[in-house]
Amino acid sequence: MKADIVLQSTAIFTGLREHPISGCIAMKGNTILAVNKTDGSEYIDSHTKVLDLGDRLVCPGFTDVHCFFTGYLLSIAGIDLEYCKTEAELLETLNTYKSKLSEGATILGRGVNPNFSILSSEFLDKTFGMVPVILFHKDSESCFMNTAAINTYQFTPESCYSESYWRLLRYVLSDTKFSVPAFKNYLKFMNSRGITSIKEMGFDDFWGFTEILEQLEKNKELTVRVSFMSQPVGAPMNLAYGRNMREKFAGNYLHFSGYNQMTDGSISQLEGEMKEPYLCKDTFCVKEIDWNILEQDTLAADNEAFRFSLHAQGDRAIEKVIDIYEKCQKNADGTLKNRHAITDLECSDPKDLERMGQLGIIAEIYPQIMSLANRKDKLSMIQDKIGIDRGKNYWNRRKMADSNITISCGTDLPLLFDDIPESVYHTVGARFPEGGEPYNAENTLLLHELLRAWSYGGQYNLGFEDRLGTLEAGKLADIAVLSHNLFTTPLEEIREAKVCLTLVDGNVVYSNL
C-alpha cells in the first residue's frame, strides 16, 4: 500500500523507546501505515507527499489534560485597557466602548492599572449607574467592579477567581458571535504548539456549549480532539448530564471524560492543606474544604464508571484524595477500575506517591509551572511558609515515575500556555526562568519520560492509548514536529525550539516549515 504522506527524519521519537530513531513515518488517510528505519521509498509513488524533515524531532501529538477555554475567553473578552496611561484616558475609552454596546450589556475591561485609585465601586456606580462594570487588572485575579456587577454576577473584587465568577463566564460564553470564532482560534493556537488532544474543563453543564462542539464536529471544524469534563460550581454534580454526554459523544473528536473538582489551594496563600502546620501561621490550611461532599461525589461518579480528577497541592490534601480513591471500585490486582487522577501535586509526601502508583492513580502535572516565578521569590516563599526541608518535596516528578505512576501534562490554561520545549527546560532541567543552578534536581524527569507524559500519558489519561499516544503502525496519525532535536540540543537553547508541523487524523493543521 502506498502512503499519502511520508515524513522522513533522523530523529523520530515513537514513545516506545528512550531515544529517537532515524527513518520514516508513512501515513494513509488518518492512519499510520509504518514507522521504519528506512527512507520509506517502499510506500512512495507519484501521489505521495514526501517531507524531508532533516534532524527535526518528530513526536506523537501532544495532549494537554487540564485547560479552560472559558478562562482563555475571559482573558480576551471586553476592551483592552492596558495602554490607558491615565484615569482620564481610561474613562474616555470606556465611554466610547459603552456607546457601541447594546443596551444593558456588561462593560468588560482588561489590563487595567490596579493603581488607578479613582475606580472605586462608588465612583463606577456614579459614572455608569445600573450598567454592570468589571475592569480586570493585569493579573486577571483582581478587578474593579460597581454594585450592579456585584449584584448581577454575585462575586466581589475580593473573590475574583474562576469558580467564583462562573456567572460571568457563562455570560461571555453565551455570546456565540464572539465565543465560537474564539474557540476555533483557541484550537488553532493549540495546533501551533503541537497539541492534538485536550481535556477541557467545562463548568456545570458547559452552559450549552456542547451543542456548539457537536456542530463543529459535524462540520469537521475541530482541529483538536476534545474530551471535556464537568466541574460543578453553580449546581451539584449532575450524573444525568454525564450519562447523556457519554452516550451522545463517542466519535473520533468529541468525548465526555467525567468530573473535576478543586480541593485545596495554593501553598503561597496558605490554602494548600499540609500535614504539618505552616511556619508563618498556626494553621494547616486557611481554606474551608468540604471533604465529605468531595468523597460522596467521587464515589457516586465511580459507581457509574465515570472518572474523576481532583486538584490537590498540599501533601495532606493529596493524602486525603488518595484516601477517597482507595474507596473506589478496584480490579483484582488492587488498581482502580476507573482512571481517576490528581491534578497539580505541588508538594507531595513520597509515601503517598507510592500509594498512587499501587492504586493506579494518574498524575496530572504542570511541567511549566516553574516559569511563573523566579528562584529568589519562590525559595523565599517556601522558606517562609513550610521551610526548605519540606520544600524538598516540591514538584517530585522523579518519585512519581519511580512509583510507576502514569504521568500526564496540563497547563491550567490560561494560567500557562502550552510550550513543550519550555516544559523540558523546567521539568527536565529544573531551572527557574533566569537559569542558574537547578532546584530539586533529584526530583526531575528524563527527557523521554516527559515527552512520553505529554503524549502517551495524556492519551492514557483520556482512555485512548490504544489508538493514540505513540507512533506505530495502525494508530491514528496525530503527530507533532519540533524545529530542534531536543535530545541533542543544549538545555540553555531548548526554549528556542518551536513546533513547526502538526498533523491531526493525518491532516496538516499547522505548518511553519
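In the block above lies the structure referred to throughout.
Residues numbered from 1 in each chain as written. Predicted model: local features only at pLDDT ≥ 70, side-chain atom pairs only at ≥ 80, totals over all residues. Heavy atoms only, no water.

(A) Representation of the overall build of the protein chain in the model. When you go through the protein chain residue by residue, the secondary structure sums to 16 helices and 20 strands. Each principal axis of the C-alpha distribution contributes one length, and for the protein chain these read about 75 × 55 × 50 Å. Taken over 513 residues, the protein chain has a buried fraction of 56%. Here the analysis covers contacts within the protein chain between residues at least 6 apart in sequence; of these, 71% occur between residues at least 24 apart. For the protein chain, the accessible area works out to roughly 21,000 Å², and carbon and sulfur atoms hold 47% of it. For the protein chain, the distance from the average position of its 52 positive side-chain charges to the average position of its 71 negative side-chain charges is 3 Å. (Helix = DSSP H or I, 4+ residues; strand = E, 2+ residues; numbered from the N terminus. Buried < 20%, exposed > 50% of the residue type's maximum accessible area, 1.4 Å probe, protein only. Contact = heavy atoms within 4.5 Å. Areas by Shrake-Rupley, 256 points an atom, 1.4 Å probe, with all protein chains shown as cover. Lys, Arg positive; Asp, Glu negative; His and termini not counted. Charge placed at Lys NZ, Arg CZ, Asp CG, Glu CD.)

(B) Inspection of the packing of aromatic side chains at higher detail. Enumeration according to the criterion identifies 29 aromatic pairs in this entry. Lying over the aromatic face of Tyr253, Arg225 brings its terminal NZ or CZ to 5.0 Å of the ring centre. Positioned above the aromatic ring of Tyr425, the side-chain terminus of Arg495 is 3.6 Å from the ring centre. (Phe/Tyr/Trp six-rings, centres within 6.5 Å; stacked < 30°, edge-to-face > 60°. Lys NZ or Arg CZ within 6 Å of the ring centre and 35° of its normal.)

(C) Up close: empty space enclosed by the protein. Tallying each qualifying case throughout the model produces three cavities of 30 Å³ or more. There is about 70 Å³ of room inside the largest cavity. Met370, Tyr394, Trp395, Arg397, His426, Thr427, Ala430, Tyr439, Asn440, Asn443 and Thr444 together form the lining of the largest cavity. Looking at the lining of the largest cavity residue by residue, the class counts come to five nonpolar, five polar and one charged. (1 Å grid on protein atoms, 1.4 Å probe; cavity = no way out; pocket = protein on both sides within 12 Å on 5 of 7 lines; lining within 4 Å. Points joined across faces, edges and corners; volume = space filled by probe spheres on them. Nonpolar A, V, L, I, M, F, W, Y, C, P; charged D, E, K, R; others polar.)

(D) The arrangement of the layout of surface pockets in detail. Estimates place the volume of the second largest pocket at around 350 Å³. Lining the second largest pocket we find 18 residues, and of these Phe256, Ser257, Ala305, Arg307 and Leu462 sit closest to its centre. With four residues, the top contributor of residues to the lining of the second largest pocket is strand β13 (residues 254-262).

(E) Quick look at the packing of helix α1 (residues 69-76) against helix α5 (residues 166-174). Interhelical geometry of α1 versus α5 gives an angle of 75° and a closest axis separation of 10 Å. Classified by the angle their axes make, α1 and α5 are roughly perpendicular. Contacts from Phe69, Thr70, Leu73 and Leu74 of α1 reach α5 at Leu168, Leu169, Val172 and Leu173. Considering only residue class, the contact of α1 with α5 consists of seven nonpolar, one polar and no charged. (Axes fitted to C-alpha atoms, helices over the stretch in contact; angles between N-to-C directions. Parallel < 35°, antiparallel > 145°, perpendicular 65-115°, else oblique.)

(F) Broad picture of the packing of α5 against helix α6 (residues 176-192). It is the contact of α5 with α6, at a shortest axis distance of 5 Å, that shows an interaxial angle of 85°. As judged from the angle between their axes, α5 and α6 are roughly perpendicular. Contact residues: α5 offers Val172, Leu173 and Ser174, while α6 offers Thr176, Phe178 and Ser179. When its residues are assigned to classes, the contact of α5 with α6 shows three nonpolar, three polar and no charged.

(G) A look at the pattern of salt bridges. What the rule picks out here adds up to 27 salt bridges. With a closest N to O distance of 2.5 Å, Glu273 and Lys320 form a salt bridge. Of this pair, Glu273 sits in the loop between β13 and α9 (291-303) while Lys320 sits in helix α10 (residues 315-326); the two residues are 47 residues apart in sequence, bridging distant segments of the chain. Overall, the relative accessible area of 10% leaves Glu273 in the buried class. Lys399 is paired through a salt bridge with Glu354; the nearest N and O atoms lie 2.8 Å apart. (Salt bridge = Lys/Arg side-chain N within 4 Å of Asp/Glu carboxyl O.)

(H) Up close: the nonpolar core. Ranked by size, the top nonpolar core spans 103 residues in total, and within it Ile134, Leu168, Phe183, Tyr186 and Ile342 carry the most contacts. Here this core takes six residues from α10, the largest share from any one element. Look past the residues within four positions of Phe183 in its chain and what remains in contact with it is Phe69, Phe209, Leu213, Leu216, Leu222 and Val226. (Core = buried A, V, L, I, M, F, W, Y, C linked by side-chain atoms within 4.5 Å.)

(I) How the structure looks around the pairing of strand β6 (residues 62-67). Among the six residues that make up β6, six are buried, leaving the element largely enclosed by the rest of the structure. In terms of strand pairing, β6 meets strand β11 (residues 195-203) through four bridges, oriented parallel. Pairing of Asp64 across the sheet is with Ile198, part of β11. (Pairing = 2+ DSSP bridges.)

(J) Focus on the sheet that holds strand β12 (residues 225-231). As summarised here, the arrangement of the eight strands in space is β6-β11-β12-β13-β14-β15-β16-β17, forming an open sheet in which the pairing is parallel. Edge positions in the open sheet fall to β6 and β17 (407-409), since each of these has one partner strand only. Strand-to-strand twist of the sheet, defined as the mean angle between neighbouring strand axes without regard to direction, takes the value 25°. Along the sheet, α6 contacts β6, β11 and β12; its crossing angle with β11, the most-contacted strand, is approximately 140°.

(K) Region of interest: helix α12 (residues 375-385). Those residues of α12 not exposed but buried are Lys378, Met381, Ile382 and Lys385. Each buried residue of α12 sits inside an arc of 95° when the element is viewed along its axis, so together they form one side. Buried residues along α12 sit against α13 (388-391). One side-chain oxygen at the N-terminal end of α12 lies 3.2 Å from the backbone nitrogen of Lys376; it belongs to Asn374. Looking one or two residues beyond α12, the residue adopting positive phi is Gly387, at roughly 95°. (Arc of directions from axis to C-beta. Polar contact = N/O pair within 3.5 Å; in protein donor to acceptor, adjacent residues only side chain to side chain.)

(L) Main features of the pairing of strand β18 (residues 479-482). Side-chain alternation along β18 places Ile479 and Val481 on one buried face and Ala480 and Leu482 on a second face that is also buried. As defined by bridge partners, strand β5 (residues 57-60) adjoins β18 across four bridges and the pair is classed as antiparallel. By the bridge assignment, Val58 is partnered in β18 with Val481. Where β18 meets strand β19 (residues 499-504), four bridges bridge the pair, whose relative direction is antiparallel.

(M) View of the sheet that holds strand β10 (residues 143-145). Taken together, the four strands give an open sheet; going across it, the order is β7-β8-β9-β10, and neighbouring strands pair in mixed fashion. The open sheet has two free edges, formed respectively by β7 (79-80) and β10, since each of these has just one partner strand. As judged from the two bridges shared by β7 and strand β8 (residues 107-112), these two strands associate in the parallel manner. For Ile79, the partnering residue across the bridge sits in β8 and is Gly109.

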